Amino acid sequence: MKVLIIEDEETLLRSAVSYLTSAGYICEEATTFAEGSEKIFLYQYDCIIADLGLPGGNGLDLVHALKASSPHAGVIIISARNSLEDKVQGLELGADDYLTKPFHLSELNARIKSILRRRKFGGSKEVAFNEIKIIPDSFDVYVNQTQVVLTRKEFNLLLFFVANRGKVVTKESIAEHLWGDYTDSVNSYDFIYNHISNLRKKLLDHGSRDYVQTVYGLGYKFGEI
Amino acid sequence: MKLLIKTNRYFLAVSLIVFLLGGILFYLLFKGIIDNHLTYKLRERRNYLEKQLSRTDSVIFYQNYSANTLSIVSSNSKLPLEILSDTAIYDSVERKFIPFRQLTFPVANKGKLYKVQTRRAIIEQKEIVAGVVALEVVLFLAFVASLTIINHRLSKRLWRPFYEMLDTLNEYKLDRHEALTLKRNSITEFNELASCIERMTTKINHEFTIQKEFIENASHEIQTPLAIIKTEMEVLIQSPVLSERQMQSISGATAAANRLSKLNEALLILARIENRQFHVVEDICVNDLLIHSLENFEELIAMKSIKLVRCLQERLYIKMNRYLAEILVENLLNNAIKHNHSPGVIMVAVEKNEIVISNMGDRPRNRLDQLFGRFVKGNPQSESLGLGLPIVKAICEVYMYTLTYTYEDKFHRVTIGFSNKGAEV
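Note that the structure is predicted; figures quoted are calculated from it, not measured. Throughout this description, residue numbers start from 1 for each chain and increase along the sequence as written. The lettering of chains begins at A and the numbering of ligands begins at 1, in the order of writing. Thresholds applied to this predicted model are a pLDDT of at least 70 for local features of residues and 80 or more for the giving and counting of side-chain atom pairs; totals over whole chains, interfaces and linings are not thresholded and use all residues. The basis for every side-chain value is the complete set of heavy atoms in the structure, and neither hydrogens nor water enter the calculation.

Colleague: Even after reading the chapter, I still don't get the overall build of chain B, so can you show me in this structure?
Modeller: Scanning chain B from N- to C-terminus turns up 9 helices and 11 strands. Taken across its 425 residues, chain B has 39% of its residues classed as buried. Partitioning the contacts of chain B with sequence separation of at least 6, the portion at a separation of at least 24 is 66%. Exposure was quantified through the Shrake-Rupley algorithm and a 1.4 Å probe, taking into account, for residues, occlusion by the shown protein chains and nothing else. Carbon and sulfur atoms make up 59% of the accessible area of chain B, which totals about 25,200 Å². Put simply, DSSP H or I for four residues or longer makes a helix, DSSP E for two residues or longer makes a strand, and each gets a number counted from the N terminus. For every residue, the accessible area obtained with a 1.4 Å probe (protein chains only) is divided by the maximum for its type, and the residue is called buried under 20%, exposed over 50%, and partly exposed between those limits. When checking whether two residues touch, look at their non-hydrogen atoms; a contact exists if any pair is within 4.5 Å.

Next comes the structure, spelled out in structure tokens:
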């Protein structure tokens, strides 16, 4: 999976590249509008992550150019502006998603995964992790071919975990992923605990191995122990 | 004290003094005129008497003429030509002394010298005083009455532009971002005042906008470093070699960064609401909005064992920005859950043109008027930002919705009235 990240803030770019590389993507970087459009013109990418405020031009124009040259690539816009107009305009131009800064890298990763899954034509749209099989379109989950009935929140949580397998995901990022921006994070942490223990119990009951690890004070890690 | 009453008081005080002095002058004047007249009359009478006495033989006849007004006695000694004097004569009818002025003069008749005294009653002093006082009182009353009427008229007519200006100013709200225009009229002073106020508000408006924009820009600028901190932390925690102590530090820093980012987000929303940046308005069904939001809070409500009572029969549609409508409802519900008992009750009701969200809870610790202030928290130790209700308030102010809060019988009750539908954002 080839991903191009166009972001002028180098520190942010570096950490995103580092996170996504370790999540298994091949990452390319660009820090200016010119560099970004050149790379889009020269190479093929599966997904492009573009900042809106770039030196030398607006990221929206980049999205426009990109959609013309490689229509199959997924596009995620990131912006410091949480403006509905930008969001609507970006999505109308063909962007698949819009993330407002500051965001969690785990969230970015989950969004990329989701876009790639949706854009995968013909192929399997399942997500598999060892004995666990997730079918996002129908919200079905199987452990060793037996179906596990999960609530919507548990399902989303599992998908988020699997997308960020092997990574430490913070409580905050889980809360935001499940409840969106406006939910009081203070209230949400108790639920996360509830949801995770329910999910874990259901998976274990159906014969899955235990993949959920608590990372002291920070959050959780889903993966082979 | 009203300006009119104040000026009236001064007028009255001054006019009292004037009237008092006027009274004294009146008195002296009257007295002078009467005195002069009296003397003149006495002299006239003397002329007449002298003529009469020179012609007649019988002085005796005159001697008995009238005891009170005329006395003629023979005199041996030489008399001065004229003596004017005041005297009092007992009046047996009125049974009191009556003041008289008498003119004493000598008359020669047939070689004999007589002392003639002619008198006229003097108008008593207290009678003059009474007259003057009566006159003064009538004048004074007339004066006060006309003053009142004139002032009333003046205040109605002359001061009307001033009161109109006051009304305009009272209704003027700085945060509505409208230019202030005051009516001009024919009075120079008021026009000067109007221009002065207009200039001032324009300047204040300008400063106000700059301030607001500064807050918004500052919040934006803070987003990027915050994003960096958060992502760097996220990369850092992936490291497999962290000790528990290190993770503790990272956890603390992450939590603080998250809090800062939430705070910043809330401030940014607040600034943008106040800067009227949510222009897109659509028809929103309040009922659907509430139902949708309540779904989000389902788990929270269940976890706190809160009983939810919904009265959503009345359909209510409002014209509003969807994002703001969502924030409004979410903040209210979030608050109703946060400050609830466990187990507790939440009642959500849609009524004609208003929604009422009430919840069980402890008596608020803050004063009612502070409840919607920024960074006011029910519990100072809580991690809540203290910006939920201020955002609700700001949204209500933008749309001119009425926002009322009451606490009664262990129930907090927030009512939002949507009657002002013609809101401009």
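Colleague: Whenever I open this one, the interface of chain B and chain A confuses me. Can you help?
Modeller: You'll often see interface size given as the accessible area lost when the parts meet. With 36 residues of chain B in contact, the opposing surface of chain A contributes 41 residues. Both faces considered, chain B and chain A share a buried interface measuring about 3,700 Å² in area, 59% of it formed by carbon and sulfur atoms. Here the buried area means the combined drop in accessible surface, using a 1.4 Å probe, for two parts upon being joined, counting both sides. Per-residue buried area on chain B facing chain A is highest for B:E234, B:Q238 and B:E299; these three make up 15% of the total on that side. Salt bridge, as used here: a side-chain nitrogen of Lys or Arg that lies within 4 Å of a carboxyl oxygen of Asp or Glu. Put simply, chain B and chain A have 1 salt bridge between them. Here A:E176 makes a salt bridge to B:K262, at a shortest N to O gap of 3.5 Å. Those elements that place two or more of their residues in the side of chain B that touches chain A are α5 (188–236), α6 (244–274), α7 (286–303) and α8 (322–338) of chain B. Considering each element in turn, the side of chain B that touches chain A owes the most residues, 12 residues, to α6(B). Each residue belonging to the side of chain B that touches chain A can be placed in one class, and the counts come to 12 nonpolar, 13 polar and 11 charged. Just so you know the grouping, Ala, Val, Leu, Ile, Met, Phe, Trp, Tyr, Cys and Pro go in nonpolar, Asp, Glu, Lys and Arg go in charged, and all remaining residues, Gly too, go in polar.

Colleague: Even after reading the chapter, I still don't get the sheet that holds strand β11 (residues 411–417) of chain B, so can you show me in this structure?
Modeller: All names here are of chain B. By the convention used here, strands pair only if DSSP detects at least 2 bridges between them. In spatial order, the strands read β6-β8-β9-β11-β10; together these 5 strands make up an open sheet with mixed pairing. Strand pairing shows two members of the sheet lacking a second neighbour, β6 (306–311) and β10 (402–408), which therefore form its edges. The mean inter-strand angle of the sheet, taken between neighbouring strand axes irrespective of direction, is 10°. As judged from the 7 bridges shared by strand β9 (residues 354–360) and β11, these two strands associate in the antiparallel manner. Note on β11: the bridge partner recorded for I357 is V414. Interaxial angle, 0 to 180 degrees, is taken between N-to-C directions of lines fitted to C-alpha atoms, where a helix line uses only the stretch in contact.

Colleague: In this structure, what is going on with the pattern of salt bridges? I would like to understand it.
Modeller: In a structure, side chains of opposite charge can pair up when their charged atoms sit close to one another. Residues and elements named next belong to chain B. Evaluated as defined, the whole model comprises 25 salt bridges over all chains. For R101, the salt bridge identified is with D86, shortest N-O distance 2.8 Å. Here D86 lies in strand β2 (residues 83–91) and R101 lies in strand β3 (residues 96–109), a separation of 15 residues in the sequence. For R101, a relative accessible area of 12% puts it in the buried group.

Colleague: What should I look at first to understand the environment of B:A253 in this one?
Modeller: Residues and elements named next belong to chain B. In this fold, A253 is placed in helix α6. Its relative accessible area of 30% is what places A253 among the partly exposed residues. When the C-alpha positions of A253 and K230 are compared, they lie 9.1 Å apart, and in sequence the two are 23 residues distant.

Colleague: Sorry if this is basic, but what is going on with unusual backbone geometry here?
Modeller: Excluding glycine, residues mostly carry a negative phi; peptide bonds, for their part, are mostly trans. Following A:K101, the chain continues into A:P102 via a peptide bond in cis, with omega recorded as -5°. Within the secondary structure, A:P102 sits in the loop between β7 (97–100) and α5 (105–119). Residue B:P343 is bonded to the preceding B:S342 through a cis peptide linkage, with omega at 0°. You will see that B:K410, though not glycine, has its phi angle at about 65°, which is positive. Inspection of the secondary structure puts B:K410 in the loop between β10 and β11.

Colleague: How do you make sense of the side chain of A:K101 when you look at a structure like this?
Modeller: Residues and elements named next belong to chain A. When you line up the elements, K101 lands in the loop between β7 and α5. For K101, a relative accessible area of 4% translates into the label buried. We call two N or O atoms a polar contact when they sit within 3.5 Å, provided that within protein one can donate a hydrogen and the other can accept it, with sequence-adjacent residues counted only if both atoms are side-chain atoms. Reaching out from K101, the side chain makes a polar contact with the side chain of D51 at a distance of 3.3 Å.

Colleague: For this particular structure, what's the right way to read the pairing of strand β7 (residues 317–320) of chain B?
Modeller: All names here are of chain B. The alternating pattern of β7 places I318 and M320 on a buried face, while none of Y317 and K319, on the opposite face, is buried. Here 4 bridges tie strand β5 (residues 282–285) to β7, and the two strands are oriented antiparallel to one another. Following the sheet pairing, C285 is matched in β7 by Y317.

Colleague: So what exactly am I meant to see when it comes to the packing of aromatic side chains here?
Modeller: Here the distance between the centres and the angle between the planes together describe a pair of aromatic rings. Each Phe, Tyr or Trp ring (for Trp, its six-membered ring) is paired with any other whose centre lies within 6.5 Å, and the angle between the two planes then decides the class: stacked below 30 degrees, edge-to-face above 60, tilted in between. Inspection of the entire model under this criterion finds 17 aromatic pairs over all chains. Seen from their ring centres, A:F129 and A:F222 are 5.3 Å apart, and the 50° between their planes marks the pair as tilted. Of this pair, A:F129 sits in strand β8 (residues 127–129) while A:F222 sits in strand β14 (residues 219–222), placing them 93 residues apart in sequence. Taking relative accessible area as the criterion, A:F222 reaches 0% and is therefore assigned buried. On the basis of an interplanar angle of 75° and a centroid distance of 5.7 Å, the ring pair of B:F162 and B:Y163 is categorised as edge-to-face. The exposure class of B:Y163 is partly exposed, given its relative accessible area of 35%.

In short, shape yes, function no, at least from these values alone.
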